[in-house]
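Listed here are the chains, written in short residue letters.
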Amino acid sequence: METEPNNNLDQAKTKLVAKTQNGVLCGHVEIQKYDSPPGVEKQNVVKLENLEPYVKSMSECGGFAEQCEMLKTGPLKTSEAGKRPGNKLKNRYSDLLPYDDSRVILQKVKNDPDSDYINASYIDGYNKPKAYICTQGPLDKTIIDFWRMIWQENVCKIVMISNIIENGKKKCDVYWPEAITRYGDITVSLLSEQVFVDYTIRTFHCYKSGKSHSRQLRQYHYTTWPDHTVPPYPLSIVMMLKCMKRYQRNSTAPIVMHCSAGVGRSGTAILLDASLDMIKSEGKVDVLGTLYKMRQQRNIVENCEQYTFVYRALIDYHFGDVTSNTTQGIILYYNKLRMMDNDTKKTGLQTQFEALSKLTPPLSEEKCISALKSENKSKNRSLDILPSEAGRPILKSGTAFTYINAVYVNGYGRADSYVVTQYPLPETINDFWQLVYDVESSVIVALNDFDVNDETSPVPWPESGTTYRGNFRIDHIFMKPSNGGCIRRFKLRKMDGDQKARKIRQYHLKGCKNNELSHPATENFVCMLSKVGRWQHKSRYKPVIVMCFNGCTMSGFYCAASFIRDQIRDQGIVDIFEAVRTVRSNRPSFVQTVNQYRWLYEVGCALISSKRSRC
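Note that the coordinates shown come from a computational prediction; the quantities given were computed from them, not determined experimentally.

1. Let's talk about the nonpolar core
- Tyr 307, Phe 525, Tyr 558 and Tyr 597 are the most contacted members of the largest nonpolar core, which totals 109 residues.
- When sequence neighbours within four positions are dropped, the list of residues in contact with Tyr 307 reads Phe 64, Gln 67, Cys 68, Leu 271, Val 287, Leu 288, Leu 291 and Val 301.
- Ala 120, Ile 143, Val 155 and Val 256 belong to the second largest nonpolar core, which has 26 residues in total.

Next up, the structure:
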């Protein structure tokens, strides 16, 4: 069906260009402007080399706001299917319906005349018709329809850009299984789940009753994009989209994208993805024209902030500091970061570190309520290093729930890989062993020396023989020296139960003084990382207890370095910036100085060199 020209768009563009000089918008940036074939919109195409000055000029003069005004908002076409009585309850929002001429039509179910409807629209991509399906977040009553659509359209990639609950309101129903679930005649099982700082990747296996073949697909769930606005770190959504495109790259099936309404966040991601494709192919981009065409198929992109965000993301990806590097390129990249910028008088390391501080602000007191209760204050070594309510483990001691200054920390692709805690105070030693028991850890990493003259830091484990701590018995099995430290083995048994004693292995790296930012030899640190990594694998990735004197200075560094170790192993890439962002989620004070940040780069380079050797 041929699209009618949008006279309002043409008139507005003429008006906008008329107030400038020879087609140059708000500055001295050359924009290719040409007439399209009859029945199609005018276009503004910006060459990649002109994109930065173009965005700067448009931002300064309000040009993006004027562009957004050109595009008519609200329904452009009929949506009669969504208004039918049998379909009304299938819409999450009654005023956001798919157009009749671009909606996804499901194969009808016998004896159900309305079973061909789902609130979903085909959207063309860059030089690819029906490249995307933009849809609402499934309702409980439409989950079966959603999976019917996934099977019918042979979909292998789903992009979800919302959380289930946001600001106390349900934005989407959980439409995937924790293990295996049947949705109508389609059975879906969860194969794997990888959790990253901004998104989660889930891999599913599904098959349909009566079919001889099965399929595998992935869901890319972006979790840090607030409703009606934009993410704070544009590069992260770009990198997720790039990751998504690499999966089953030869597939010609549509990519399903949804948020809550299937308009704002998902529409912005679709516009961004198509713009990235155009730049890759032609070296130029037409965000305005692309959005105009897409809006003939669904009323996507809610506001000017989301529209402008697409440009910001393109700038960050093509001209900004892309912190992810291959193992072959990281040393050259690190050397570049160490150089001083003549304009800012800062090194690249300083600039990155300052950007991290903006993305990971300190926790407010409101987020640390339990830590600041009168009965718990004395259990913290420092009131500047506290756990948040959302990120702390809650200990269960008998019938009472007990506080401990500890936080969960995500690893590379794994949620809660580590539990970071401070060296126990005399009154919290029993709580420490309760923590080890509750999280089912079999590995402890200790990162500071113990000062025998410090009465606030008693050694919590036996150096020989047996020690009783609260409800637990700890038996010392052996101790042996190891590259700048030692390895100990213990048995942990709960006294009031008949459970089998647990074997605990401890890696104690020495040479780090309490509350000091000095660090041990890189070679020793890397060797310990390798040994702990192998033991983590053997223990089926139960959480590792990571401890230093204050639960921050060395522990955060260790968790970030472990992230880098696993990233190199699994993907062959190094992203120090992403590693620190990840570990700071529950404790923003991790990696406290530029010097520690620099040392992470050195550890990353050393990890690559050590891959050929075995500690």
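2. Regarding the UniProt feature "domain: Tyrosine specific protein phosphatases" (unreviewed entry) in the protein
- Per the UniProt record, "domain: Tyrosine specific protein phosphatases" (unreviewed entry) is found at residues 235-298 and 523-598.
- Secondary structure within residues 235-298 divides into 59% helix and 9% strand; the distance between the first and last C-alpha atoms comes to 26 Å.

3. Focus: the pattern of salt bridges
- Summed over all chains, the structure comprises 26 salt bridges.
- Between Glu 440 and Lys 542 there is a salt bridge, with the nearest N and O atoms lying 3.0 Å from each other. Separated by 102 residues along the polypeptide, Glu 440 in the loop between helix 12 (429-438) and strand 19 (443-446) and Lys 542 in the loop between helix 13 (522-538) and strand 24 (544-548) bring together distant segments of the chain.
- On the accessibility criterion, Glu 440 (41% relative accessible area) is partly exposed.
- Salt-bridge contacts for Asp 475 lead to Arg 473; the nearest nitrogen and oxygen are separated by 2.9 Å.
- Its relative accessible area of 30% is what places Arg 473 among the partly exposed residues.
- Taken together, the shared-partner salt bridges connect Arg 84, Arg 103, Asp 114 and Asp 116 into one network.

4. A few points about the pairing of strand 3 (residues 120-125)
- The element strand 3 is largely enclosed, with a buried count of five among its six residues.
- Sheet analysis places strand 3 next to strand 4 (residues 128-135), joined by five bridges and oriented antiparallel. Counted as the bridge partner of Tyr 122 is Ile 133 from strand 4.
- In this structure, the hairpin formed by strand 3 and strand 4 is closed by a connection of two residues, where Asn 127 is found at a positive phi of approximately 55 degrees.

5. Remarks on helix 16 (residues 594-610)
- A rise of 1.5 Å per residue sets the reference length of helix 16, with its 17 residues, at 24 Å; its end C-alpha atoms lie 24 Å apart and thus fit the reference within 8%.
- Taken as a whole, helix 16 has its buried residues at Gln 596, Tyr 597, Trp 599, Leu 600, Tyr 601, Val 603, Gly 604, Cys 605, Leu 607, Ile 608 and Ser 610.
- The elements touched by buried residues of helix 16 are helix 10 (330-337), helix 11 (348-359), helix 13, helix 14 (555-571), strand 25 (573-574) and helix 15 (576-583).

6. Brief notes about the side chain of Thr 402
- As for its position among the elements, Thr 402 is in strand 16 (residues 400-402).
- Ignoring anything within four residues of it in the chain, the contact list for Thr 402 reads Lys 379, Ile 394, Leu 395, Ser 397 and Asp 431.

7. Digging into the packing of helix 2 (residues 51-61) against helix 3 (residues 63-70)
- Two elements in contact, helix 2 and helix 3, have axes whose closest approach is 5 Å; the angle formed by their N-to-C orientations is 80 degrees. Relative to helix 3, the element helix 2 is oriented roughly perpendicular. Residues Tyr 54, Val 55, Met 58, Ser 59 and Cys 61 of helix 2 touch helix 3, and the partners they reach there are Gly 63, Phe 64 and Gln 67.
- Per-class residue counts for the contact of helix 2 with helix 3 are five nonpolar, three polar and no charged.

8. Observations concerning the packing of aromatic side chains
- Taken as a whole, this structure holds 32 aromatic pairs when the rule is applied.
- Ring geometry for Tyr 334 against Tyr 601: centres 5.4 Å apart, planes inclined by 5 degrees, an arrangement best described as stacked. With a gap of 267 residues between them, Tyr 334 in helix 10 and Tyr 601 in helix 16 connect regions that are remote in the sequence.
- Given a relative accessible area of 5%, Tyr 334 falls into the buried group.

9. Brief notes about the sheet that holds strand 20 (residues 466-469)
- Read from one edge of the open sheet, eight strands run 17-18-24-19-23-22-21-20, paired in mixed fashion. Looking at strand neighbours, the two that pair on one side only are strand 17 (406-409) and strand 20, the edges of this open sheet. Across the sheet, the mean angle from the axis of one strand to that of its neighbour is 25 degrees, orientation sign disregarded.
- As paired elements, strand 20 and strand 21 (residues 472-482) share four bridges and run antiparallel to each other. Of the residues in strand 21, the one forming a bridge with Tyr 468 is Arg 473.

About the cut-offs
Residues numbered from 1 in each chain as written. Predicted model: local features only at pLDDT ≥ 70, side-chain atom pairs only at ≥ 80, totals over all residues. Heavy atoms only, no water. Core = buried A, V, L, I, M, F, W, Y, C linked by side-chain atoms within 4.5 Å. Buried < 20%, exposed > 50% of the residue type's maximum accessible area, 1.4 Å probe, protein only. Contact = heavy atoms within 4.5 Å. UniProt positions renumbered as here; feature names shortened; annotations may be inferred. Helix = DSSP H or I, 4+ residues; strand = E, 2+ residues; numbered from the N terminus. Salt bridge = Lys/Arg side-chain N within 4 Å of Asp/Glu carboxyl O. Pairing = 2+ DSSP bridges. Expected span 1.5 Å × (residues − 1). Axes fitted to C-alpha atoms, helices over the stretch in contact; angles between N-to-C directions. Parallel < 35°, antiparallel > 145°, perpendicular 65-115°, else oblique. Nonpolar A, V, L, I, M, F, W, Y, C, P; charged D, E, K, R; others polar. Phe/Tyr/Trp six-rings, centres within 6.5 Å; stacked < 30°, edge-to-face > 60°.

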